[in-house]
Structures are given as C-alpha cells and as structure tokens.
Amino acid sequence: NHPTFKNAFEGAATGVGGIIRDIICMGSKPIALLDFLRFGTDKNSDKLLENAVKGIAYYGNTIGIPNVGGSLHRHSIYDKNPLVNVACIGIVKRDNIIYGNALNKNSVLILCGAKTGDEGVDSAVMASKQSTNERELKSQKADAYLENLLLDAFVEISECGISEGCQDLGAGGILCATTEVIKRGREKTNQNLGCNIYTNKVSLKCPLDDYSILSSESQERMLIVCSKNNLSHMSSILKKWDLEFNSIGIVTNNGLYKVYKSD
C-alpha cells in the first residue's frame, strides 16, 4: 500500500516483481499475472492509478508474462492507502518443486541477483507510522530485466534438482529469508538447525552498516540453499545466466543464528 502511495510506478512494479519471485523460487515457470486494484476517488488517486498501471505493464511486458485478468474498485477509503494486490500462476513438475527450507548441516546459503542497497530498510516502520526518516522513505526500484535472468536460471536449477531450498527476499531482506529457511528446516527434520551469516560476503550498492545489510529489501534477490557437493554445478548455472552471487552463510546444527560483522 505505502510504496504505491509514495511512488505508484515503482510501488506497483515491485509488487508485481515480488509475487513473480514467489513463483520463480519454487522452480516454477510463471505463465500469467492477475492484478486486483483498490484506489481512491480524488484527483491524486487518478494520477496514482495511471502510474500504477504503467508500473504493472512495465514489469509484465518486460519479463514476458501476460496479464490475464484482475479487478478495479475505487472508494474514498483508498485515497491515501491504495492497494495493488497481485496473483501469479506458474507451472512446475511436482518432483521439481523447490521448497523454502534448509535441511542439512554445512549446506551453503547463496545470495544471488541484485546487489544489496539501502532500499526498503525499516519499511515495516514506514508501514505502521508516518515517517520523516529519509532512510525509511527511500523507494525500492524494479528491474524486470534482471528478474528475467533469475527466471531462466531457476527453471534450469529446478530441472537439475540441485537446490536444497530457496527463499525469495521480500520483507525483512536477508534476515527474514535466512530465518524462514532455517525454521522450516527444523520443522521438517527435527534437527536443531541454525546458521552463520557473514555480512562482509554480501555485495553492496553502497556502504551499509550490518543492520541495513540484513534488513534491506532491495529487489530481484534470491536466497539459495545448496549442498557443497552441488556448489560447483550451481555456480556454473548462475554464471551462465550472468547473475551475481555470493556464499553469505552456512547452515549449522547448534540452534543459533549468528551474524559475523564485516571488517
């Protein structure tokens, strides 16, 4: 809601991109998009709606996924809180589904896609209150061309069956993505899994403190869980599709989430 009110084009585009990544990270090939829009009735809402539609069109057209339907409802309650809700449909063979979990001690956590910047830091704060902090208010930027490379790479990774797990990076960035794969792994394996994260291994767009590195919501990023035996094959696929990637952590079985600060 808030990103679209601040910058309707980027807010809508990043909304579309985020939902597409939900599908891509499962090893599925997206085939269709739907958009359910709720906008206000004042003149500013007219402008927001026009730019949101442009953002939706930019992302879907660039990545080559057709928009097959949706709905639009306008009411004054959305004047300052417009909503862009997106659905994405994808196809994947059942045996090729990649789940959002880490399963084994010593598996490597790989961050791939865009470099990490200061976009979206403290966005949860922004969503719950009016903020004047410039860092909180920095808009996230969409890059559909980069996401297209992620799409192709993950279809191949899925076919090869070399990923132990994957989680797209959304709210909370690296911190939430790594926590989620570890939590699901604990539930599946009954092991007391944890992880070590090395912030100095994360490729950055600009100098960032460790808190910002962990919580940044820069777009077009994926977290891959990969066994060391498959690391060479995984690296070759990511290089083939010209994706930047770094091993930023490792799965442990001590039940702890440890962050090692950069030098």
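All of these numbers come straight from a predicted model, not from anything done at the bench.

Calculation rules
- Residues numbered from 1 in each chain as written.
- Predicted model: local features only at pLDDT ≥ 70, side-chain atom pairs only at ≥ 80, totals over all residues.
- Heavy atoms only, no water.
- Helix = DSSP H or I, 4+ residues; strand = E, 2+ residues; numbered from the N terminus.
- Rg over C-alpha atoms; globule rule 2.2 N^0.38 Å.
- Contact = heavy atoms within 4.5 Å.
- Areas by Shrake-Rupley, 256 points an atom, 1.4 Å probe, with all protein chains shown as cover.
- Lys, Arg positive; Asp, Glu negative; His and termini not counted.
- Charge placed at Lys NZ, Arg CZ, Asp CG, Glu CD.
- Core = buried A, V, L, I, M, F, W, Y, C linked by side-chain atoms within 4.5 Å.
- Buried < 20%, exposed > 50% of the residue type's maximum accessible area, 1.4 Å probe, protein only.
- Pairing = 2+ DSSP bridges.
- Axes fitted to C-alpha atoms, helices over the stretch in contact; angles between N-to-C directions.

> What is the right way to look at the overall build of the protein chain in this model?
Each helix and strand in the protein chain was counted, giving nine helices and nine strands. Rg of the C-alpha trace for the protein chain: 19 Å, near the compact-globule value of 18 Å for 263 residues, within the 12% margin. Overall, the C-alpha framework of the protein chain stretches about 55 × 40 × 35 Å when taken along its three principal axes. Taking the contacts inside the protein chain whose residues are at least 6 apart along the sequence as the reference set, 88% of them involve residues at least 24 apart. A total accessible area of about 12,300 Å² is found for the protein chain, and carbon and sulfur atoms account for 52% of it. Mean positive and mean negative side-chain charge positions of the protein chain (29 and 29 charges, respectively) differ by 3 Å.

> How should the nonpolar core be read in this particular structure?
If you look at soluble globular proteins, the nonpolar side chains tend to sit buried side by side. Judged by nonpolar contacts, the single largest core of 43 residues is most densely connected at Ile 20, Phe 154, Ile 157 and Ile 224. For this core, the elements supplying multiple residues, two or more each, are α2 (8-24), β1 (29-39), α3 (43-63), β3 (83-91), β4 (108-113), α6 (144-160), β7 (221-226) and α9 (231-240). Ignoring sequence-local partners within four residues, the contact set of Ile 20 consists of Pro 30, Leu 33, Tyr 59, Ile 63, Ile 65, Cys 88 and Glu 147. Ranked by size, the runner-up nonpolar core spans 19 residues in total, among them Leu 223, Val 225, Ile 248 and Val 251.

> Explanation requested: the sheet that holds β3 in the structure shown.
Strand pairing in a sheet relies on backbone hydrogen bonds, with the paired strands running either antiparallel or parallel. Spatially, the three strands line up as an open sheet ordered β2-β1-β3, and their pairing is mixed. Since the sheet does not close on itself, it has two edges, and those belong to β2 (67-74) and β3, each with one partner. Averaged over all pairs of adjacent strands, the angle between strand axes in this sheet comes to 15°, irrespective of strand direction. With seven bridges connecting them, β1 and β2 associate as parallel partners. Paired with Leu 34 across the two strands is Gly 69, which belongs to β2. Packed onto the sheet, α2 meets β1 and β3 and runs at close to 30° relative to β3.

Everything listed here is a matter of coordinates, which is why it stays silent on function.
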